[in-house]
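Here are the chains, one letter per residue:
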Amino acid sequence: MEKTTRPQLDRAAWIQAALEVLADEGVQGMRVEVLAKRLRVTKGSFYWHFKDRQDLLSGVLETWKAGRIQDIVKQTRLEPGRERAQIARLVDIYSTSRSRKGLLIELAVREWARRDAEAAAIVEEVDAWRLRCARELFLACGLPQHEASTRSMLLYAYVFGASIMIYDRFDADIPRLTEDIRALIVGPPAPTSA
């Protein structure tokens, strides 16, 4: 009789499964038995990689944070002379191409952060990275610190707001509306000294 082998899972596989459950069911759904069933392994397998559920939750938060910061740094890496185009591209990337699963995870982590200090600290750190990196782009465009900070906040307020709204029927010309919003966020070119 041939033995069937169970899949070998590592910590990352458990965390990835937990992120999928987080997107579907929120933090309350990330229970060991739910994950084990989804992964088709025993609960005992979990304890090879985590000391307890809190260890898993911390791993999920750290993985989410690392992924978000890596993406933020990649999208905001300064390209001298192209800063305004980079900001416009940020508006496009984050407002039009967000994956549904990524958005669900983002919303679930933010909901989690409303009730959990560790999650709140992680979200605060990610948001600080978002705002700082965007501000660096605006500063590189020649804007003063206060205006660069304001535009960074406006950028992310728009991106997150638009991502959770259903506004397709608000205006007959959504592409024009989006272009106008992009122009307001990016702002006019900085005056050049003669």
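Residues numbered from 1 in each chain as written. Predicted model: local features only at pLDDT ≥ 70, side-chain atom pairs only at ≥ 80, totals over all residues. Heavy atoms only, no water.

Student: Can you break down the nonpolar core residue by residue, with the values?
Tutor: With 55 residues, the main nonpolar core has Trp14, Leu22, Met30, Leu56, Val60, Trp112 and Leu155 as its most contacted residues. Looking at this core, the elements that each hand over two or more residues are helix H1 (11-25), helix H2 (32-39), helix H4 (53-76), helix H5 (83-96), helix H6 (100-113), helix H7 (117-140), helix H8 (145-164) and helix H9 (174-186). When sequence neighbours within four positions are dropped, the list of residues in contact with Val60 reads Ile15, Ala18, Leu19, Leu22, Met30 and Trp112. (Core = buried A, V, L, I, M, F, W, Y, C linked by side-chain atoms within 4.5 Å. Buried < 20%, exposed > 50% of the residue type's maximum accessible area, 1.4 Å probe, protein only. Helix = DSSP H or I, 4+ residues; strand = E, 2+ residues; numbered from the N terminus. Contact = heavy atoms within 4.5 Å.)

Student: Please set out the packing of aromatic side chains residue by residue, giving values where relevant.
Tutor: Aromatic rings considered in pairs are described by the distance between their centres and by the relative angle of their planes. Following the criterion strictly, the structure yields four aromatic pairs and no others. Arranged with centres 5.3 Å apart and planes meeting at 80°, the rings of Trp14 and Phe46 form a pair that is edge-to-face. With Trp14 in helix H1 and Phe46 in helix H3 (residues 43-46), this residue pair connects regions lying 32 residues apart in the sequence. Each member of the pair, Trp14 as well as Phe46, is classed as buried. Between Tyr156 and Phe160, the ring centres sit 6.3 Å apart and the planes meet at 35°, which makes this aromatic pair tilted. Of this pair, Tyr156 and Phe160 both sit in helix H8, four residues apart, roughly one helical turn. For the pair formed by Tyr156 and Phe160, the shared burial category is buried. An aromatic cluster is present here, built from Trp14, Phe46, Tyr47 and Phe50 joined pairwise through their rings. The side chain of Arg110 reaches across the aromatic face of Phe160, ending 4.9 Å from its centre. (Phe/Tyr/Trp six-rings, centres within 6.5 Å; stacked < 30°, edge-to-face > 60°. Lys NZ or Arg CZ within 6 Å of the ring centre and 35° of its normal.)

Student: Mind laying out H4, listing which residues take part and the relevant values?
Tutor: Taking 1.5 Å as the rise per residue, H4 with 24 residues should run 34 Å; its terminal C-alpha atoms sit 35 Å apart, in good agreement. Capping the start of H4 is the job of one residue whose side-chain oxygen sits 3.2 Å from the backbone nitrogen of Gln54: Asp52. (Expected span 1.5 Å × (residues − 1). Polar contact = N/O pair within 3.5 Å; in protein donor to acceptor, adjacent residues only side chain to side chain.)

Student: Describe the packing of H1 against H6, with residues and values.
Tutor: Taken N-terminus to C-terminus, the directions of H1 and H6 make an angle of 80°; their axes are 8 Å apart at the nearest point. Classed by the angle they form, the pair H1 and H6 counts as roughly perpendicular. Two secondary-structure elements touch here, H1 through Leu19, Glu20, Leu22, Ala23 and Asp24 and H6 through Lys101, Leu104, Ile105, Ala108, Val109 and Trp112. Split by residue class, the contact of H1 with H6 holds eight nonpolar, no polar and three charged. (Axes fitted to C-alpha atoms, helices over the stretch in contact; angles between N-to-C directions. Parallel < 35°, antiparallel > 145°, perpendicular 65-115°, else oblique. Nonpolar A, V, L, I, M, F, W, Y, C, P; charged D, E, K, R; others polar.)

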